[in-house]
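Commentary on secondary and tertiary structure
If you want the building blocks of each chain, they are given just below.
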Amino acid sequence: QVQLVESGGGLVQAGGSLRLSCAASGSIFSINNMGWYRQAPGKQRELVAVVTSGKSTDYADSVKGRFTISRDNFKKTVYLQMNSLKPEDTAVYYCNADTRRSWNSRVEENWGQGTQVTVSP
């Protein structure tokens, strides 16, 4: 019913930049929080950044000052601008969005398929 499609991943050298996008579509009445998670091989999935419907943001300590999350409510899209990338940022990045199908529907948690980000030394 709800689809999240990520784009913008790829291979970049340390110190470079990438911009990830995640577009939501389907049976959506409203979107609460939107966020980005990442998972490196052998590690647990961790929260990278989150933005609320009121546009407030929060970041993992490891990316503060380097990454910026934003959203476009008209386009139902969340972005992650990643600057000064480091090899330790290498991971699969997943988009997350909490949505309602109507005003009295339960909140549903939705996930994208993931996009690979690789940072070379």
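So, here is what we can say about the structure in this document.

Thresholds applied
- Residues numbered from 1 in each chain as written.
- Predicted model: local features only at pLDDT ≥ 70, side-chain atom pairs only at ≥ 80, totals over all residues.
- Heavy atoms only, no water.
- Pairing = 2+ DSSP bridges.
- Helix = DSSP H or I, 4+ residues; strand = E, 2+ residues; numbered from the N terminus.
- Axes fitted to C-alpha atoms, helices over the stretch in contact; angles between N-to-C directions.
- Phe/Tyr/Trp six-rings, centres within 6.5 Å; stacked < 30°, edge-to-face > 60°.
- Lys NZ or Arg CZ within 6 Å of the ring centre and 35° of its normal.
- Contact = heavy atoms within 4.5 Å.
- Polar contact = N/O pair within 3.5 Å; in protein donor to acceptor, adjacent residues only side chain to side chain.
- Disulfide = S-S within 2.5 Å.
- Buried < 20%, exposed > 50% of the residue type's maximum accessible area, 1.4 Å probe, protein only.

**Some remarks on the sheet that holds strand β3 (residues 18–26)**
Taken in spatial order, the four strands of this open sheet run β1-β3-β8-β7, and their pairing is antiparallel. Each edge of the sheet is formed by a strand with only one pairing partner; in this case those strands are β1 (2–7) and β7 (67–72). Averaged over neighbouring strand pairs, the angle between their axes works out to 15° when direction is ignored. Pairing of β1 with β3 involves six bridges; the strand directions are antiparallel. The partner of V5 across the bridge, within β3, is A23.

**Comments concerning the packing of aromatic side chains**
Applying the stated rule across the entire model yields one aromatic pair. A cation sits over an aromatic face here: R45 above Y94, 3.8 Å from the ring centre.

**Digging into the environment of R100**
Structurally, R100 can be placed in strand β9 (residues 91–100). The sequence separation of R100 and K64 amounts to 36 residues, and the corresponding C-alpha distance is 30 Å. When sequence neighbours within four positions are dropped, the list of residues in contact with R100 reads S27, I28, F29, S30, S105, R106 and V107. Within polar-contact distance, the side chain of R100 engages the backbone oxygen of S105 at 2.3 Å.

**Points about the environment of D61**
Mapped onto the fold, D61 is located in the loop between β6 (57–59) and β7. Placed 38 residues apart in sequence, D61 and T99 show a C-alpha to C-alpha distance of 26 Å. At a separation of 3.2 Å, a polar atom in the side chain of D61 contacts the side chain of K64.

**Digging into the state of the cysteines**
Tallied over the entire structure, the rule returns one disulfide. A disulfide bridge connects C22 with C95, and the sulfur atoms are separated by 2.1 Å. On the sign convention where negative means left-handed, the S-S torsion of about -85° between C22 and C95 marks this disulfide as left-handed. Of this pair, C22 sits in strand β3 while C95 sits in strand β9, and the two are 73 residues apart along the sequence. Side by side, C22 and C95 carry an identical accessibility label, which is buried.

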